[in-house]
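Commentary on secondary and tertiary structure
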Amino acid sequence: MTNTKEDFAKMVREHWSYQLVRELADESLHLNSTSKSIAIKDLHPKARHHFMVLPRKEIDTLHELTIEDVELLEDMYQLGMRVIQDMGWDETQFNFGYHLKPHMKRLHLHVISNDYDSPSLKRRHHWTIFNSEIFRSHEGKLSTVVKELKLYGKIMERSDAYIQSLREGPLKCNVCAFQTDHLHIMKNHITIHNCKRTIGSNSTMLTIHDDSGENIFQQHLHRVNYQFYSSIIGAGQSMFPGSYEKPTKHQAIIGQKQFLCGIAHCGMCATGYSALGR
């Protein structure tokens, strides 16, 4: 019995799957807490803002939850909301959810901004685990963890084959119908949506009603990072609606204009070009 306890203690101290359990003990990572749960930083964030809420209770997966744990999940959710509010962030720009069959021990609620803009998001499955049925929302209009727990008293098991198919499936945009098999194309695509979210708070808008506006916008793109923009419009797969196989600069701008309700946006900042009346 002693050896068993010692072996388990050693595994908790050293094995990668218990990393979150170890981080719970590191108060420097704590963002806030309640008597039932603790919010901690995500050391490898997959978006601009990403943290986790873990229960103090020793629960490793969704499938260990019972109807009695609904109150615990609500406490975790409310703690996540409190952290967002304390940071002064916009709660409507966040997703709250759990992964089916995660590799890390200790149940954890991901609280992640929906820009998915992070250098740590560098593998295909980093996208699919947050943008497929693997990521089970805390609550909402669709089937969610809280609703399923209240309805069945437990979270139903999904097969390994089903989860693997989602991990290896196409990368689907979390904002529009765009999808691709290549992560670098998706990461370029999502910058368009992220730039649109920024407009209105700290934007520079060039509202010009003739062809000179396009020239000014091109000059801005060159000043910011022309190579970045060229990499977007030169991609083999167009990120804009339409049938352009190799879109020209003008076509790419028009594509962005149509895609973003009449405004073309720089992929690196909040500058926009409005071609109203054209």
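Since this is a predicted model, take the numbers as computed values, not measurements. Sequence order as written defines residue numbering, which begins from 1 separately in each chain. Owing to the predicted nature of the model, reporting of local features is limited to residues with pLDDT of at least 70; listing and counting of side-chain atom pairs is limited to 80 or more, with chain, interface and lining totals taken over all residues. Hydrogens are left out, water is left out, and the side-chain values use all remaining heavy atoms of the structure.

Within the largest apolar cluster, 44 residues are counted, with the highest numbers of intra-cluster contacts made by Val53, Leu62, Leu73, Phe96, Tyr98, Val111 and Trp127. Secondary structure elements follow DSSP: runs of H or I no shorter than four residues count as helices, runs of E no shorter than two count as strands, and numbering proceeds from the N terminus. Where this core is concerned, the elements lending two or more residues are β3 (50–55), α3 (70–87), β4 (94–99), β5 (109–113), α5 (145–152), α6 (160–167) and α7 (183–198). Among the elements that line this core, the one with the most residues is α3, at 9 residues. Residue contacts for tryptophan 127: discarding those within four places in its chain leaves Tyr116, Leu121, Leu171, Lys172, Cys173, Asn174, Leu183, Met186 and Ile190. Put simply, a nonpolar core is a bunch of buried Ala, Val, Leu, Ile, Met, Phe, Trp, Tyr and Cys residues held in one set by side-chain atoms that sit within 4.5 Å of each other. Think of it in three bands: with a 1.4 Å probe and only protein chains considered, a residue is buried below 20% of the maximum accessible area for its type, exposed above 50%, and partly exposed in between. Residue contacts are defined here by distance: any two heavy atoms, one from each residue, within 4.5 Å place the two residues in contact.

We count a salt bridge whenever a side-chain nitrogen from Lys or Arg sits within 4 Å of a carboxyl oxygen from Asp or Glu. Scanning the entire structure with this criterion turns up 9 salt bridges. Each of Glu133, Arg136, Glu148 and Arg158 takes part in one network of salt bridges that share partners.

Extensive coverage of β5 is indicated by the burial of 5 of its 5 residues. Side-chain alternation along β5 places Leu109, Val111 and Ser113 on one buried face and His110 and Ile112 on a second face that is also buried. Pairing of β3 with β5 involves 4 bridges; the strand directions are antiparallel. Within β5, the position partnered with histidine 50 by the bridge is isoleucine 112. The sheet contact formed by β4 and β5 spans 4 bridges and is antiparallel. Its bridge partner being in β5, phenylalanine 94 is matched across the sheet by serine 113. Only strands that DSSP links by at least two bridges are regarded as paired with each other.

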